[in-house]
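Single-letter residue listing:
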Amino acid sequence: MTLVDVDARRAEVAAALGVRFARPADAPAEQDLVIHTSGTADGLRQCLELAATDATVVEASWHGDAPVALPLGGAFHSRRIRLRASQVGTIPPAARPRWDHAGRMALALDLLHDEAFDVLLTGESTLDELPALVAALADGTLDGLCHTIDHAVSPAAGPAGGDAARHDPRT
């Protein structure tokens, strides 16, 4: 398994997760499964290039309303590459009887105990710091993989929208 990223600093993350690291130019080809998360059209196009015959490319990025042009001729068809969308809000209908909300939540909370994933947590902010945080992430002045938000209301901010104080910050 290989984590491919334009940012060489992600090599530390890959090592902590026990996977190889490669820059896009050095990404291994002929992969049976490629998961795309860069949120860029160039990244998705490269994933299609890295896929082996009969491989699956899972698009896990959110492109919003931006159009994405893809090379769906030639190798895409002749190699029978499958392009799958990933949607985190629901699970496939066939799996729903086995994975109700409580079961999915229990699994997610259990997985949080794996210390290897702590390397993904790159910062924490309070709810009242969220506007500045989003701006810094959007303009690139703050780098982060998974910045967590503490939903507890700070004394200075008061309840956000009137209901933040009623929510358990662990949910």
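All values reported here derive from a predicted model rather than from experimental measurement.

1. Section: the overall build of the chain
When you go through the chain residue by residue, the secondary structure sums to five helices and seven strands. The linear arrangement of helices and strands in the chain, starting from the amino end, is β-α-β-β-α-β-α-β-α-β-α-β. The buried share among the 171 residues of the chain stands at 20%. Summarising the internal contacts of the chain: among those between residues at least 6 apart in sequence, 45% fall at separations of at least 24.

2. Some words on unusual backbone geometry
The residue Glu30 is not glycine, and still its phi comes out positive at about 60 degrees. Tracing the backbone through its elements, the reader meets Glu30 in the loop between β2 (20–22) and β3 (31–36). You will see that Asp54, though not glycine, has its phi angle at about 65 degrees, which is positive. Secondary-structure assignment places Asp54 in strand β4 (residues 51–59).

3. Digging into a nonpolar patch on the surface
Nonpolar side chains collect at one region of the surface, where Trp99, Leu107 and Leu111 lie side by side and expose about 270 Å² of accessible area between them. If you trace the backbone, Leu111 turns up in helix α4 (residues 101–111). Classification of Leu111 as partly exposed rests on a relative accessible area of 46%.

4. Here we look at the confidence of the model for the chain
In the predicted model, the chain carries a mean pLDDT of 87, and 89% of its residues have values of at least 70. Low pLDDT, under 50, characterises residues 160–171; the predicted model gives this stretch eight contacts beyond four residues in sequence or across chains.

5. Digging into the layout of surface pockets
Any space left empty among the atoms is revealed by the rolling of a water-sized probe across them. Considering only enclosed or pocket space, the largest pocket measures out at about 1500 Å³ in volume. Lining the largest pocket are 33 residues, with Leu3, Val4, Ile35, Thr37 and Ser38 sitting closest to its centre. Residue composition of the lining of the largest pocket, by class: 18 nonpolar, 10 polar and five charged. Taken as a whole, the second largest pocket holds about 340 Å³ of empty space. Lining the second largest pocket are Ala60, Ser61, Trp62, Ser86, Gln87 and Val88. A class-by-class count of the residues in the lining of the second largest pocket yields three nonpolar, three polar and no charged.

6. Examining the side chain of His36
The residue His36 is located in strand β3 in this model. Within the structure, His36 has its side chain in polar contact with the side chain of Glu59 (distance 2.9 Å).

7. Focus: helix α2 (residues 41–50)
Taken together, the buried positions of α2 are Gly43, Leu44, Gln46, Cys47, Leu48 and Leu50. Each element contacted by the buried residues of α2 is listed here: β3, β4, α3 (75–78) and β5 (82–85).

8. Focus: the nonpolar core
Ala27, Val34, Leu44, Cys47, Leu48, Leu50, Ala51, Ala52, Ala55, Val57, Phe76 and Ile81 together form the largest nonpolar core, which totals 12 residues. For this core, the secondary structure elements donating two or more residues are α2 and β4. Ile81 has contacts with Leu48, Ala51, Ala52, Ala55, Val57, Ala75 and Phe76, leaving out every residue within four places of it along the chain.

9. Some points on the sheet that holds β3
Strand order in the open sheet formed by three strands is β3-β4-β5, with parallel pairing between adjacent strands. With partners counted over all chains shown, the strands left at the sheet margins are β3 and β5, one partner each. Between one strand axis and the next, the sheet turns by 15 degrees as a mean value, whatever way the strands run. By the bridge criterion, five bridges tie β3 to β4 in an arrangement that is parallel. Paired with Ile35 across the bridge in β4 is Val58. Along the sheet, α2 makes contact with β3, β4 and β5, crossing β4 at roughly 150 degrees.

Thresholds applied
Residues numbered from 1 in each chain as written. Predicted model: local features only at pLDDT ≥ 70, side-chain atom pairs only at ≥ 80, totals over all residues. Heavy atoms only, no water. Helix = DSSP H or I, 4+ residues; strand = E, 2+ residues; numbered from the N terminus. Buried < 20%, exposed > 50% of the residue type's maximum accessible area, 1.4 Å probe, protein only. Contact = heavy atoms within 4.5 Å. Patch = residues over 30% accessible without salt bridge, like charges linked within 9 Å, V, L, I, M, F, W, Y side chains within 5 Å. Areas by Shrake-Rupley, 256 points an atom, 1.4 Å probe, with all protein chains shown as cover. Salt bridge = Lys/Arg side-chain N within 4 Å of Asp/Glu carboxyl O. pLDDT = per-residue confidence, 0-100. 1 Å grid on protein atoms, 1.4 Å probe; cavity = no way out; pocket = protein on both sides within 12 Å on 5 of 7 lines; lining within 4 Å. Points joined across faces, edges and corners; volume = space filled by probe spheres on them. Nonpolar A, V, L, I, M, F, W, Y, C, P; charged D, E, K, R; others polar. Polar contact = N/O pair within 3.5 Å; in protein donor to acceptor, adjacent residues only side chain to side chain. Core = buried A, V, L, I, M, F, W, Y, C linked by side-chain atoms within 4.5 Å. Pairing = 2+ DSSP bridges. Axes fitted to C-alpha atoms, helices over the stretch in contact; angles between N-to-C directions.

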